[in-house]
Amino acid sequence: MRDSRIVDFLAELADRVPAPGGGATAALHAAQAAALLGMVARYTTGDRYAAHAETVAAVTTQTDALRADALKLAEEDAAAFTVVADAYRLPKGEERSATLARALAGAAEPPARVAEAATRLVELCELLLPIANRNVVTDVAAAAEAARAALTTARINVEVNLGGIADERLRAELGARVAGVDAAVSRAEQVTAAVREEINR
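Rules used throughout
- Residues numbered from 1 in each chain as written.
- Predicted model: local features only at pLDDT ≥ 70, side-chain atom pairs only at ≥ 80, totals over all residues.
- Heavy atoms only, no water.
- Helix = DSSP H or I, 4+ residues; strand = E, 2+ residues; numbered from the N terminus.
- Buried < 20%, exposed > 50% of the residue type's maximum accessible area, 1.4 Å probe, protein only.
- Contact = heavy atoms within 4.5 Å.
- Axes fitted to C-alpha atoms, helices over the stretch in contact; angles between N-to-C directions.
- Parallel < 35°, antiparallel > 145°, perpendicular 65-115°, else oblique.
- Left-handed = near helix turned anticlockwise from the far one by under 90°.
- Nonpolar A, V, L, I, M, F, W, Y, C, P; charged D, E, K, R; others polar.
- Salt bridge = Lys/Arg side-chain N within 4 Å of Asp/Glu carboxyl O.
- Expected span 1.5 Å × (residues − 1).
- Arc of directions from axis to C-beta.
- Core = buried A, V, L, I, M, F, W, Y, C linked by side-chain atoms within 4.5 Å.

Undergrad: What am I meant to see in the overall build of the protein here?
TA: Within the protein, the secondary structure is distributed over seven helices and zero strands. Reading the secondary structure of the protein in the N-to-C direction produces α-α-α-α-α-α-α. Across its three principal directions, the C-alpha atoms of the protein cover 65 × 35 × 30 Å. Taking all 201 residues of the protein together, the buried fraction comes to 42%. Here the analysis covers contacts within the protein between residues at least 6 apart in sequence; of these, 79% occur between residues at least 24 apart.

Undergrad: In this structure, what is going on with the packing of helix α4 (residues 94-128) against helix α7 (residues 181-199)? I would like to understand it.
TA: Axis angle and axis distance: for two packed helices, these are the angle between their axes and the distance between the axes, and together they describe the pair. Two elements in contact, α4 and α7, have axes separated by 10 Å at closest approach and are oriented at 30°. Judged by the inter-axis angle, α4 sits roughly parallel to α7. Classified by chirality, the crossing of α7 by α4 is left-handed. Contacts between α4 and α7 involve A115, T119, V122, E123, C125 and E126 from the former and V181, A184, R187, A188 and V191 from the latter. Its residues assigned to classes, the contact of α4 with α7 shows seven nonpolar, one polar and three charged.

Undergrad: Is there a simple way to explain the packing of helix α3 (residues 53-88) against α4 in this structure?
TA: With their axes 9 Å apart at the nearest point, α3 and α4 run at an angle of 160° to one another. By the criterion of interaxial angle, the relationship of α3 to α4 is roughly antiparallel. Both α3 and α4 take part in a crossing whose hand is left-handed. Considering only residue class, the contact of α3 with α4 consists of 20 nonpolar, five polar and five charged.

Undergrad: Which parts of the structure should I look at to understand the pattern of salt bridges?
TA: Should the charged atoms of two oppositely charged side chains come close, the side chains can pair. By the definition in use, this model includes 15 salt bridges. In this structure, the salt-bridge partner of E126 is R187, at a minimum N-O distance of 2.5 Å. Taken together, the residues E126 in helix α4 and R187 in helix α7 connect sequence positions 61 residues apart. Assessed through its relative accessible area of 30%, R187 is described here as partly exposed. A network of salt bridges, in which partner residues are shared, links R42, D64 and R67.

Undergrad: Explain the side chain of D139 to me, please; I cannot follow it from the model alone.
TA: Along the chain, D139 falls in helix α5 (residues 137-162). Residues within four places of D139 in sequence aside, it is in contact with L36, M39 and V40.

Undergrad: Would you mind going over the environment of A188 with me for this structure?
TA: In this fold, A188 is placed in helix α7. Taking the relative accessible area as the measure of exposure, A188 reaches 0% and is therefore buried. Sequence-distant contacts of A188, defined by excluding residues within four places in its chain, comprise V122, A144, E145 and R148.

Undergrad: Hey, could you run me through unusual backbone geometry in this one?
TA: Cis geometry marks the peptide bond from A19 to P20, where omega comes out at 5°. In this fold, P20 is placed in the loop between α1 (6-14) and α2 (22-43).

Undergrad: I keep staring at α7 and nothing clicks. Help me out?
TA: The periodicity of an α-helix, 3.6 residues per turn, causes residues three or four places apart in sequence to face the same way. With 19 residues, α7 should reach 27 Å at 1.5 Å per residue; the first-to-last C-alpha distance of 27 Å fits that figure. Within α7, burial applies to V181, A184, V185, A188, V191, T192 and V195. Taken end-on, α7 shows its buried residues confined to a sector of 115°, consistent with a single buried face. Among the exposed residues of α7, those oriented more than 90 degrees off its buried face are D182, Q190 and E197. On its buried face, α7 is in contact with α4 and α5.

Undergrad: Just to check I follow, could you spell out the nonpolar core for this structure?
TA: Grouped together as the largest cluster of nonpolar side chains are 62 residues, with contacts concentrated most on L37, V114, L121, L128 and V140. Put simply, the parts of the chain that give this core at least two residues each are α2, α3, α4, α5 and α7. Counting residues per element, this core draws most heavily on α4, at 16 residues.

Have a look at this one:
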């Protein structure tokens, strides 16, 4: 996936194939949020921003890592859902049920990690917003919106797998990992609102 052209990825996404699908797009939303924040951080350097150099450097490092992680999660999601599709093709019976439960648990893991990454990206939006180069402040809002899309898309891709997971402890654990999505979405919306208020004064 990382070597695909955008046009080729979108054609594959639109095709009648099991993957890539919503989980991969959630990860790519997160990757775009990270990239946007990395760009803003790189524009927030030099003498004018010297007082914030340590924070900006930390944001740059973290967003670069999150961007790479999110791209990997997009690939892991596509691979995991292919395993689910293969499990559904097995003959009905106990072996199929057990295989499918394991596959669904595996498919829930990448979007759960995407939701966690996107939550961190919202935090980085909040951290960067007050100190960012104002010429690119709208890109902080764009990053917040991309993170918001990652959060809500990842959550639905976790939830769709929960019903088929037999292990109650694992099901509860996965549910807990996306329980904070609404709060993170609200915080992302507040970032966007703050930027809109600033540019519309």
